[in-house]
Amino acid sequence: MAQRNVVIIPVIVCLSFLLLGLLLGSYIDLTRQLEGGFHGIIPLSDSPNLGKSFYSRQVQNVAQYISDQYQPTEFDPYSRWILYNRMTKTGSRTFMSTLVRTMQKHHKYIKEFLPTLTNNETFLVAEVSHHLLPFIVVGHHMHINYTNYGLRQPLGISLIREPVDRFLSDFYYIRYGDEQTQENVRNLSPETYNRTLEECVNAAIKNVQGTGNPVASIGKFCGCQLNHEIVRFCGYDKRCKYDPEFALQQAKENLNDYIAIGLTEELPEFFAVLERLIPDLFEGLLQVYNENTAVQNTIRKSKTFSKRRPSDEFLAKLRSLAFREYDFYYYVRERFRHLQMELKLVR
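Residues numbered from 1 in each chain as written. Predicted model: local features only at pLDDT ≥ 70, side-chain atom pairs only at ≥ 80, totals over all residues. Heavy atoms only, no water.

## What about helix α9 (residues 214–222)?
- Every buried residue of α9 is listed here: Pro214, Val215, Ser217, Ile218, Phe221 and Cys222. For α9, the angular spread of buried residues about the axis comes to 150°, placing them on one side.
- Along its buried surface, α9 packs onto α6 (163–176), α7 (190–194), α8 (197–206), α17 (312–321) and α18 (323–342).
- Looking at the residues trailing α9, positive phi occurs at Gly223, about 85°. (Buried < 20%, exposed > 50% of the residue type's maximum accessible area, 1.4 Å probe, protein only. Helix = DSSP H or I, 4+ residues; strand = E, 2+ residues; numbered from the N terminus. Arc of directions from axis to C-beta. Contact = heavy atoms within 4.5 Å.)

## Quick word on helix α12 (residues 244–254)
- Within α12, the full set of buried residues consists of Phe246, Ala247, Leu248, Ala251, Lys252 and Asn254.
- As for α12, its buried residues are in contact with α10 (228–234), α11 (239–242), β5 (258–263) and α18.

## With respect to the packing of α6 against α8
- Their axes nearest at 11 Å, the elements α6 and α8 cross at an angle of 115°. In terms of their interaxial angle, α6 and α8 are classed as roughly perpendicular. α8 is crossed by α6, and the crossing has right-handed handedness. Here Phe167, Leu168, Phe171 and Tyr172 of α6 lie close against α8, whose contacting residues are Leu197, Cys200 and Val201.
- Classifying every residue of the contact of α6 with α8 gives 7 nonpolar, no polar and no charged. (Axes fitted to C-alpha atoms, helices over the stretch in contact; angles between N-to-C directions. Parallel < 35°, antiparallel > 145°, perpendicular 65-115°, else oblique. Left-handed = near helix turned anticlockwise from the far one by under 90°. Nonpolar A, V, L, I, M, F, W, Y, C, P; charged D, E, K, R; others polar.)

## Remarks on the packing of aromatic side chains
- In this structure the tally under the stated criterion is 12 aromatic pairs.
- Pairing Tyr326 with Tyr330 gives two aromatic rings, centres 5.9 Å apart and planes at 35°, and the pair type is tilted. Residue Tyr326 and its partner Tyr330 are both found in helix α18; the two are separated by 4 residues, about one turn of the helix.
- Taking the relative accessible area as the measure of exposure, Tyr326 reaches 8% and is therefore buried.
- Judged by centre distance (5.6 Å) and plane angle (65°), the rings of Tyr329 and Tyr330 are edge-to-face.
- Taken together, the aromatic side chains of Tyr84, Phe95, Phe270, Phe271, Tyr289 and Phe336 make up a single cluster linked through ring pairs.
- The ring of Tyr173 carries the charged tip of Lys89 above its face, separated from the ring centre by 4.3 Å. (Phe/Tyr/Trp six-rings, centres within 6.5 Å; stacked < 30°, edge-to-face > 60°. Lys NZ or Arg CZ within 6 Å of the ring centre and 35° of its normal.)

## Focus: the side chain of Asp170
- By the element assignment, Asp170 lies in helix α6.
- Leave out the neighbours within four places in its chain, and Asp170 touches Thr88, Lys89, Arg186 and Cys224.

## Some remarks on the state of the cysteines
- Under the defined criterion, the tally for this structure stands at 2 disulfides.
- Here Cys200 is linked by a disulfide to Cys222, with a sulfur-sulfur distance of 2.0 Å. Looking down the S-S bond of the Cys200 and Cys222 bridge, the torsion is 95°, so its handedness is right-handed. You can see Cys200 sitting in helix α8 and its partner Cys222 sitting in helix α9, a full 22 residues away along the chain.
- For the chain, the disulfide bridges join cysteines in the arrangement 1-2, 3-4, where the cysteines are counted in sequence order.
- With no disulfide of its own, Cys224 has Cys222 as its nearest cysteine by sulfur position, at a separation of 5.7 Å.
- Accessibility expressed as a relative area gives 2% for Cys224, which makes it buried. (Disulfide = S-S within 2.5 Å.)

## Considering the pattern of salt bridges
- Applying the stated criterion across every chain yields a total of 10 salt bridges.
- Between Arg300 and Glu179 there is a salt bridge whose closest N-O contact spans 3.3 Å. Taken together, the residues Arg300 in helix α16 (residues 293–301) and Glu179 in the loop between α6 and α7 connect sequence positions 121 residues apart.
- Classification of Glu179 by relative accessible area gives partly exposed; the value is 46%. (Salt bridge = Lys/Arg side-chain N within 4 Å of Asp/Glu carboxyl O.)

## Focus on the pairing of strand β2 (residues 82–85)
- Burial of the side chains of β2 extends over both faces: Ile82 and Tyr84 are buried on one face and Leu83 and Asn85 on the other.
- Summarising the sheet, β2 and strand β4 (residues 155–160) pair through 4 bridges and their orientation is parallel. Of the residues in β4, the one forming a bridge with Tyr84 is Ile157. (Pairing = 2+ DSSP bridges.)

## Re the side chain of Glu325
- By the element assignment, Glu325 lies in helix α18.
- Buried charged residue Glu325 carries no salt bridge. Nearest counter-charge: Arg324, at 6.5 Å.
- Residues within four places of Glu325 in sequence aside, it is in contact with Pro163, Val215, Leu226, Asn227 and Ile230. (Lys, Arg positive; Asp, Glu negative; His and termini not counted.)

## A closer look at the nonpolar core
- Within the largest apolar cluster, 31 residues are counted, with the highest numbers of intra-cluster contacts made by Phe95, Ile157, Phe270 and Phe282.
- Looking at this core element by element, the count peaks at 6 residues for helix α13 (residues 267–277).
- Ile157 has contacts with Ile82, Leu83, Tyr84, Asn85, Phe95, Tyr258, Ile259, Ala260, Phe270, Leu274 and Phe282, leaving out every residue within four places of it along the chain.
- The next biggest cluster of nonpolar side chains, apart from the first, holds 25 residues, and it includes Val164, Tyr173, Leu197 and Cys200. (Core = buried A, V, L, I, M, F, W, Y, C linked by side-chain atoms within 4.5 Å.)

Here you go:
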């Protein structure tokens, strides 16, 4: 009997440590998501096929399999995948913190699968092809027309911000960080890091690199883009970076692939729109945003350090340079207003 106990006790201890490790790993994964630094795929547990990989099925034609198995309606999240396309410094960490906790509140299990890259179109297409519906893809992505690859276009959602406000926040964030991130988060060269806002913008104006478009040069001299949102919504076409008028028009056209694009300045209103559009997934967002202590901590911790307001004269210069970015911003804002009215959220 004593010998049997000698054998059983170590086994129990090993199993206990294994279980503790699994629980701790799940907690760390979930915590990282809750802090808003998440990029990847969130499968939703309501799907009967959740967790079954296309790899295990050895399906050769993934796109055809999806087409055969699911017949989507326009706003059916359980037969379409959802893409949250994060724009830099638009409140995406707050959005993610609210989204994950809302799903947690409704007992939806959230787990990160494989990470997604943000600058490789082929990889992204292959990545989303390997997961059964429904799921949410989260990341800083360029726009992709997935129908070109035989896949259905996702139900896109995103946030944009007043152009100069977003640019200023990004400029100081990549240098000084916030409570959640380190200084010089993008490893800027000493020359770029030490330039003041005014110095880098003026350098871009003087060195337009033959494009005649100083906005395209600001990223080189400042370390961050003034035209970030237009380029992202435009996509992988080379003209998106070097032909500003093409980029603007293509970005506007690609908005048709999104069910809702909100404004950082009106985040609660955006949550209300999502709740009305897809209540099965998003109901409770607004309540969690307003009442959850952890979400409020995320908002506080993500405020950029050492941010200063330029002179009125310099702000006017920036806004003049960003006339296309404001064209896009007002266009998105007008679409958002119409959507609110269609959903009877405003008169």
